[in-house]
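Listed below, chain by chain, are the residues.
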Amino acid sequence: MVLTAGNFALLLQSLRLMQGTFKPIPTALTGSTGVPSQSKLAAPSTSDSDIPPSNADPGGNYQSHALGDIPGFGGFSKAASDCNPQPYEPPDLGDPTFPPFDQAKATVYRYRQQQSVNLGSWFVHEQWMTPSLFTCAAGNQISELDIASGWGSVGGARSVLELHWDTFVTEDDFHYLASIGINTVRLPIGYWSLGPDFCGGTPFEPVADVYRNSWPRVVRTINMASDSGIGVLVDLHGAPGSQNGQPHSGISDGNTGLFGNDWYINRTMAALTFLTGQLANVTNVVGIQILNEPQNVDSLPAFYTQAISTMRRVSPAAESFPLYIHDGFNLDQYSDFVGNRSDFVVQDHHSYFVFTSSDSAEPASQHTKDIHSAVTGSLDSASKRERRNLVVDEFSCALTAQSLVGEGDPEQARMDFCTGQTELYQNETAGWAFWAYDKEDCSNDPGWCFKAAVGRSLPPSFFSYGKGPLADPSRLPALSDMASGMYAPSPEDAAAALHPNVTAASGPSVSSPEVGLFPQLPLDPSQRAIAKGYSDGFLTAKIFALYGMSKLGFTGQYVNDSLSRLGSAIIVPGQEHYYSQWFMEGLADGEALISASVNNISI
């Protein structure tokens, strides 16, 4: 049998000889309809500079910080014979706490449309992103555990990691992100990040003390994001036992030990319970992601059901707290899973276009056409099934050299490809997150590094209304001014629009503290639902705009939760569809008026 390069790569993948060093590698890639997969992921081609490099080629210089270049951490040598860094004295963060919970702000953070980036290789390391930290790692030198087990001692490894935690991303980075319209970050962490108590009975137990100061730094990260008005999705990227056997789950032995192992399942539930108890009442935490890129084993849906139930029982606040699940690269299966639930559960789907031999051969312009056709159709269908509780929380601008070689203007082809993705994900889902914010040799890698892609492969800013927050929010027109001159449908007109052959009956009205645009709500149930829906949608547009010029993103969930809070006294059972339809009408009108007003205001 003669193996082509593509077949050889697939063989290595099937033998798990390539899987660990690339991000990410699912198995099934094509749907039953034969259209291109929306994930478009498989074994990587080794011919492209846009593909994460292998262990043998760690990449360029660590521009964010090379350990030997940082003042106070001198004496470091990259030579393997000198792997004993000087002790690093980190700032004492004590026992940091979160600001008081603000329910109004939390509602906006959690339901708004998300423009996001991944803070990858900060608390969970990937060798192709931060190779300098692996110089003196132990073992295979490809995973977090290898770093923690190397550097000469537990103290040496702790010094290296604590310095990285304190310098890789800072307050200035969050200010920068907010200044260009990024309103959310996805924060990958491992169970080890919760501290030594969570390392017992796992491969991290011998090096647990490396992480004695890690959880306070996670808290600090969330608070730094809050200071810039940025929400945080806390992503359990590495679970006890490993959910996928890949190095970005923290281990380098290739074993997926979580599923079917009661010990590891219980340890994972304990980690998720801790996170829920700590974060459900944190204003700018938009949710917890239960697992990252798990193998889609038969027991995964049952695992998710158990985890969700466990987390919901932690506290009353946890009952409505957003929980995110990765779909194991099966978009349809988990859109049905989410769609069959009523609580705030969100599907995370990851989308890349560089890891298969077919992707490598396909021109960039064709990838862009796929985005506007087959991929759009797949995401649109899934999003509708799950009331828009869908995000694409990993994607990139990466394309293979082969995809770009035939393009007349490769840079423009990459920009068209990348902006096509952001537009699609913005229109069809509740948000997106670029992988990743920073990495070593960032400036030379606009495919994978957000800081290099902004203004080059990506637009220069990402604000929901095209402009940044108003310096003085009071300059946003008052509701009465916004509504002046607009045609807000009367309950009778709205009812007539729904029932063109039926004359709306007039009747007495009833006062309500929930009237919104209308001074009174009619007693007729359908007219009441129409009036209340339109009013709530219109008001929601302005309320969200007052918080950083945000837009509602999780629309279906927001409407359903609003109906639950209103109860049958306001919306009579059987009339919910009127409320939902006219909520969306009011929301669209409100957003259109805000957009027109903002375009006439100098930021």
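Residues numbered from 1 in each chain as written. Predicted model: local features only at pLDDT ≥ 70, side-chain atom pairs only at ≥ 80, totals over all residues. Heavy atoms only, no water.

Colleague: Please clarify how the state of the cysteines should be interpreted in this entry.
Modeller: Throughout this description, disulfide means a covalent bond between two cysteine sulfur atoms. Counted by the stated rule, this structure contains three disulfides. For Cys83, the disulfide goes to Cys136, at an S-S distance of 1.9 Å. Of note, the bridge from Cys83 to Cys136 carries an S-S torsion of about -70° and is left-handed in sense. Here Cys83 is found in the loop between α1 (5-14) and α2 (103-111), whereas its partner Cys136 is found in the loop between β1 (114-118) and α3 (144-148), with 53 residues between them in sequence. Residue class for Cys83 comes out buried when judged on its relative accessible area of 12%. Residue pairing for Cys397: its cysteine sulfur links by disulfide to Cys418, the two sulfurs lying 1.8 Å apart. The sign of the -70° torsion about the S-S bond sets the Cys397-Cys418 disulfide as left-handed. Highlighted residues: Cys397 in the loop between β7 (390-395) and α12 (401-405) and Cys418 in helix α13 (residues 410-428), separated in sequence by 21 residues. The pair Cys397 / Cys418 is uniform in exposure class, with both members buried. Look at the protein and number its bonded cysteines as they come in the sequence; the links are 1-2, 3-4, 5-6. (Disulfide = S-S within 2.5 Å. Helix = DSSP H or I, 4+ residues; strand = E, 2+ residues; numbered from the N terminus. Buried < 20%, exposed > 50% of the residue type's maximum accessible area, 1.4 Å probe, protein only.)

Colleague: Would you mind going over the confidence of the model for the protein with me for this structure?
Modeller: Close reading of the predicted structure is inappropriate where its pLDDT is low. With 78% of its residues at a pLDDT of at least 70, the protein reaches an overall mean of 85. Taken as a whole, residues 1-49 scores under 50 in pLDDT and shows 111 contacts with residues more than four places along the chain or in a different chain. Across residues 53-66, confidence stays below pLDDT 50; counting only partners more than four residues off in sequence or on other chains, it has 34 contacts. (pLDDT = per-residue confidence, 0-100. Contact = heavy atoms within 4.5 Å.)

Colleague: I keep staring at the nonpolar core and nothing clicks. Help me out?
Modeller: Proteins that are soluble and globular tend to have nonpolar side chains buried together. One finds Trp122, Leu279, Ile290, Phe303 and Phe450 to be the most contacted residues of the largest nonpolar core, which totals 104 residues. Element by element, the count of residues in this core is highest for helix α7 (residues 262-279), at seven residues. In contact with Ile290, not counting residues within four places along its chain, are Leu236, Leu272, Phe303, Tyr304, Ala307, Ile308, Met311, Leu323, Tyr324 and Ile325. Among the nonpolar cores identified, the runner-up in size contains 35 residues, and Val346, Ile530, Ile571 and Leu587 belong to it. (Core = buried A, V, L, I, M, F, W, Y, C linked by side-chain atoms within 4.5 Å.)

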